[in-house]
Amino acid sequence: EKKAFEFLDRLNAEEMERLRNIRQYLREARPMDTSRDSILGVVEAVVVGIIRSPLLLLNVVQRVRELVDSRPLEEAEQLEDKSKSRTVSLNSSQSDQERKENGSFD
């Protein structure tokens, strides 16, 4: 029984080492980069596409919302000019009103 557990531990350690080697090899030479037409290259390309597509779609939706909420610079400048002129006209009409009340209106 002790020999069986030792054998299983050794086998587990060897398989873990094998898995580390495979992971290292795949990190160094990704199938999608080396041979995209191979089975592994196609599978990696599909999986990466499936994983990245929701992120890309989310970024596109956020950018569209940002663009819809924004205004062109010319329009924004015109709105600022109008609001300034309204403020000036409101201030001048208030001044005119005050002058009428005080009797100093020409």
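The structure displayed is predicted, hence computed values, not measured ones.

(A) Region of interest: the overall build of the protein chain. Of regular secondary structure, the protein chain possesses four helices and zero strands. Put simply, the protein chain runs from its N terminus to its C terminus through helices and strands in the order α-α-α-α. Going through the 106 residues of the protein chain one by one, you find that 6% of them count as buried. If you sum the accessible surface of the protein chain, you get close to 10,000 Å²; carbon and sulfur atoms cover 56% of it.

(B) Focus on the confidence of the model for the protein chain. Residues at a pLDDT of 70 or more form 64% of the protein chain, whose mean pLDDT is 76. Averaged pLDDT values over the elements of the protein chain bottom out at 57 in helix H4 (residues 73–102) and peak at 90 in helix H1 (residues 2–28).

(C) Main features of the pattern of salt bridges. By the definition in use, this model includes three salt bridges. With a closest N to O distance of 3.3 Å, Glu 15 and Arg 18 form a salt bridge. With Glu 15 and Arg 18 both in helix H1 and three residues apart, this pair spans about one turn of that helix. The salt bridge partner of Glu 17 is Arg 20, with a shortest N-O separation of 2.9 Å. Residue Glu 17 and its partner Arg 20 are located together in helix H1, separated by three residues, close to a single helical turn. Classification of Glu 17 by relative accessible area gives partly exposed; the value is 37%.

(D) Here's a closer look at helix H3 (residues 39–69). Between the first and last C-alpha of H3 there are 45 Å, a value that for 31 residues agrees with the 45 Å anticipated at 1.5 Å per step. Its maximal kink placed at Arg 52, H3 deviates by approximately 35°, while the proline Pro 54 follows within four residues. Looking at H3, one finds that the buried residues are Gly 41, Glu 44, Ala 45 and Val 48. N-cap assignment for H3: the residue whose side-chain oxygen lies 3.1 Å from the backbone N of Gly 41 is Ser 38.

(E) Just a nonpolar patch on the surface, in detail. On the surface, Phe 5, Phe 7, Leu 8 and Leu 11 cluster together into a nonpolar patch covering about 390 Å² of accessible area. Of note, Phe 7 is situated in helix H1. Given a relative accessible area of 45%, Phe 7 falls into the partly exposed group.

Rules of the game
Residues numbered from 1 in each chain as written. Predicted model: local features only at pLDDT ≥ 70, side-chain atom pairs only at ≥ 80, totals over all residues. Heavy atoms only, no water. Helix = DSSP H or I, 4+ residues; strand = E, 2+ residues; numbered from the N terminus. Buried < 20%, exposed > 50% of the residue type's maximum accessible area, 1.4 Å probe, protein only. Areas by Shrake-Rupley, 256 points an atom, 1.4 Å probe, with all protein chains shown as cover. pLDDT = per-residue confidence, 0-100. Salt bridge = Lys/Arg side-chain N within 4 Å of Asp/Glu carboxyl O. Expected span 1.5 Å × (residues − 1). Bend = angle between axes of the 7 residues up to and from the residue. Polar contact = N/O pair within 3.5 Å; in protein donor to acceptor, adjacent residues only side chain to side chain. Patch = residues over 30% accessible without salt bridge, like charges linked within 9 Å, V, L, I, M, F, W, Y side chains within 5 Å.

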